[in-house]
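Inside the fold
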Amino acid sequence: MANIVWHEKWGIELDLTRGDLGHESIPKLWELLYQNDRIDALRGVPVAKRGLQCGGVCRRAGVVAWMYLRERGGRREAVHERAEDEQRHRAPLSDEHKAYQERIVRAADSLGYPANSEVRTAVGPRSWIQTDTLVQGEGGIRVGWEIQLSSAGAEGPRSVKARASKAAKHGIIPAWHTDRSDYARRTDTHWTRSDHLPAEVIAKTGDLRVVSGFRVLDFWRCGIHALYRCPDTPNRCGKRHVTPKPRDVLFDDLVRKTAAGLIVPITHRTGSTTHRFWVTDADRDQGR
Ligand SMILES: [Zn+2]
Ligand SMILES: [Zn+2]
């Protein structure tokens, strides 16, 4: 729920903490809006087509979060359509989250790459991309870091794929980092993971390891001397294969090298599964 609703069509804010919703000059505004919303609901009009958005936390975050209205025990409420948006109101940034953001800024800054937190990049008249921390790297490279830690909801972030591909489409390389192994196993974007650590440790300048999400590519010929099994046949097919091998990397190096274009995201198919991870640009080029 949220106290401030943005009425898209009229371009006004509705303040649900006030009886007149903050609009003295429009009597019975709530009754009017509530009735309209109910009628739309009965007609099966999707929430996203009813014109009411969260005008508070979500709007400030650059997110269009659709809402519907309800009355409960005489209380007037605006409800987020999606649980993910509701979550945004509950979870203030944890100390660990902030420590990661500061660490990214510091690591990027050490090479002279500007980085800023809570950046909103306009990508259209009514559309933004909100990034936890945005690094401006070499030759126009932009890396958008998203930090998703244990403190976030158990279900994990929704619409990661849509958010990541929106960023990529607009020239921001999405880089999602977590301390949860269940998130790190997801294939909806290029996740990296570190162990779960307290904010003091993340904030320090010492080693902070990335334990999954970065790989080295081992290219090999499928012949009699090959070390690996053929991924395609029970025998030796004679073709060239590639085996991605997990490799730890330091978090600061990951931040710097992604900004420099030396570490890049790739997709790798095995059977019907598409894996997403980071490799060196040299490995990527060799695999092309
Ligand atoms: Zn909201
Ligand atoms: Zn083979």
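Check the entry above for the structure.
Residues numbered from 1 in each chain as written. Chains lettered and ligands numbered in written order. Predicted model: local features only at pLDDT ≥ 70, side-chain atom pairs only at ≥ 80, totals over all residues. Heavy atoms only, no water.

**Observations regarding the coordination of the zinc ion (ligand 2)**
Every protein donor of the zinc ion (ligand 2) is listed here as Cys-222 (SG), Cys-230 (SG), Cys-237 (SG) and His-241 (NE2), and their distances to the metal cover 2.1 to 2.4 Å. One way to put it: the four donor atoms around the zinc ion (ligand 2) meet at angles of 99 to 117°, and that makes the site tetrahedral. Donor residues for the zinc ion (ligand 2) sit on one chain with the sequence pattern C-x7-C-x6-C-x3-H. With Cys-222 in the loop between strand 12 (215–221) and strand 13 (240–246) and Cys-237 in the loop between strand 12 and strand 13, the pair connects residues that are 15 residues apart, well separated along the chain. (Donors = N, O, S within 2.8 Å, 3.2 Å for Na, K, Ca; no water. Tetrahedral: all angles 85-135°; square planar, octahedral: opposite > 155°, others 65-115°. Helix = DSSP H or I, 4+ residues; strand = E, 2+ residues; numbered from the N terminus.)

**Here's the deal with the pairing of strand 16 (residues 273–280)**
Note: strand 15 (residues 263–270) against strand 16, eight bridges, orientation antiparallel. From the neighbouring strand, Ile-263 faces strand 16, where its bridge partner is Thr-280. Count of turn residues in the strand 15/strand 16 antiparallel hairpin: two residues, of which Gly-271 carries a positive phi of about 60°. (Pairing = 2+ DSSP bridges.)

**A short note on helix 4 (residues 95–109)**
The terminal C-alpha atoms of helix 4, which comprises 15 residues, lie 21 Å apart, in line with the 21 Å expected from a rise of 1.5 Å per residue. Of the surrounding secondary structure, the elements contacted by the buried residues of helix 4 are strand 6 (115–124), strand 7 (127–136), strand 8 (142–148), strand 9 (172–178), helix 7 (199–203) and helix 8 (251–260). (Expected span 1.5 Å × (residues − 1). Contact = heavy atoms within 4.5 Å.)

Take it as geometry only, folks, not as evidence of what the structure does.
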